[in-house]
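# Descriptive structure summary
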Amino acid sequence: FSSLTTVIRAKVVGKKLMKDGPFGTMRYTVKQMKMYRGFQIMPHVQYIYTEASESLCGVKLEVNKYQYLITGRVYEGKVYTGLCNWYEKWDRLTLSQRKGLNHRYHLGCGCKIRPCYYLPCFATSKNECIWMDMLSNFGHSGYQAKHYACIQRAEGYCSWYRGWAPPDKTIINATDP
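The rules behind the values
Residues numbered from 1 in each chain as written. Predicted model: local features only at pLDDT ≥ 70, side-chain atom pairs only at ≥ 80, totals over all residues. Heavy atoms only, no water. UniProt positions renumbered as here; feature names shortened; annotations may be inferred. Salt bridge = Lys/Arg side-chain N within 4 Å of Asp/Glu carboxyl O. Helix = DSSP H or I, 4+ residues; strand = E, 2+ residues; numbered from the N terminus. Buried < 20%, exposed > 50% of the residue type's maximum accessible area, 1.4 Å probe, protein only. Phe/Tyr/Trp six-rings, centres within 6.5 Å; stacked < 30°, edge-to-face > 60°. Lys NZ or Arg CZ within 6 Å of the ring centre and 35° of its normal. Core = buried A, V, L, I, M, F, W, Y, C linked by side-chain atoms within 4.5 Å. Contact = heavy atoms within 4.5 Å.

As recorded by an unreviewed UniProt entry, the chain carries the name Metalloproteinase inhibitor 3 and is attributed to Egretta garzetta. The chain has a UniProt comment under Subcellular location (unreviewed entry) that states "Secreted, Extracellular space, Extracellular matrix".

Given below as structure tokens:
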């Protein structure tokens with residue numbers, strides 16, 4: 001995640017179609033339950049903005065039904081999300097994903113995840129993890145994304161590790177929760 005990324009767990013409590021731009025923007029009012037990333041740029045998120053049209057990568061969130069994990073980019077003081085950002089109903093996240101948010105994913109902030117769309121795929125630097133879920137069209141909900149985390153080792157190499165426990169003590173800043 002870049003430094004302008006925010007990651008929150010929230011419930012959508014309202015929505016309003018804003019008449020800005022040629023197609024409009026949907027403004028979701030959210031009740032933030034927890035923030036995982038973005039404290040420095042926006043400690044509390046009240047609104048999430050997305051394109052009004054799904055064909056323009058807008059996301060559709062249901063009001064007063066679910067808690068969501070929502071990632072977005074902060075631009076000019078507003079949080080924007082879209083189909084290229086990770087969002088999911090909280091109760092559909094695996095235990096590995098939930099633990100990753102709290103304890104492990106930050107260990108991969110120095111890593112780059114390179115999607116693999118067709119074989120063969122190769123890492124071009126030591127800090128890359130090759131993401132294979134795209135080969136089977138699962139994307140964010142694929143097996144690798146659900147059960148593995150890309151984590152940087154002390155010597156700078158990034159690798160996939162299953163679950164949320166570190167493979168050994170050579171992981172940067174690794175502490176068991």
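### Points about the pattern of salt bridges
Side-chain pairs of opposite charge can arise where the charged atoms are in close proximity. Tallied over the full model, the rule gives 4 salt bridges. For E128, the salt bridge goes to R114, with nearest N and O atoms at 2.9 Å. Here the residue E128 occupies a position in strand 8 (residues 128–131), and R114 occupies one in strand 7 (residues 112–115), the gap between them amounting to 14 residues. For the salt bridge of R153 with E155, the shortest nitrogen-to-oxygen distance reads 3.2 Å. You can call E155 partly exposed: its relative accessible area is 43%.

### What to know about the packing of aromatic side chains
Here the structure, examined in full by the defined rule, presents 6 aromatic pairs. With centroids separated by 5.7 Å and ring planes inclined at 40°, the aromatic side chains of Y49 and Y80 adopt a geometry described as tilted. Highlighted residues: Y49 in strand 3 (residues 47–51) and Y80 in strand 5 (residues 78–80), separated in sequence by 31 residues. Overall, the relative accessible area of 9% leaves Y49 in the buried class. Each member of the aromatic cluster is reached from another via a ring pair, and the members are Y47, Y49, Y75 and Y80. The ring centre of Y47 lies 4.2 Å from the NZ or CZ of R27, which sits over that ring. The lysine or arginine in question, K126, covers the ring of Y157, its NZ or CZ lying 5.5 Å from the ring centre.

### Some thoughts on the nonpolar core
Judged by nonpolar contacts, the single largest core of 16 residues is most densely connected at I8, Y28, V30, V45, I48 and L61. Counting only elements with at least two residues in this core, the list comes to strand 1 (5–18), strand 2 (25–37) and strand 4 (67–75). Per element, the largest residue contribution to this core is 4 residues, and it comes from strand 2. Ignoring anything within four residues of it in the chain, the contact list for V30 reads I8, A10, K11, V12, V13, V45, Q46, Y47 and I48. Counting residues in hydrophobic clusters, the runner-up holds 7 residues, among them V7, Y36, L69 and W90.

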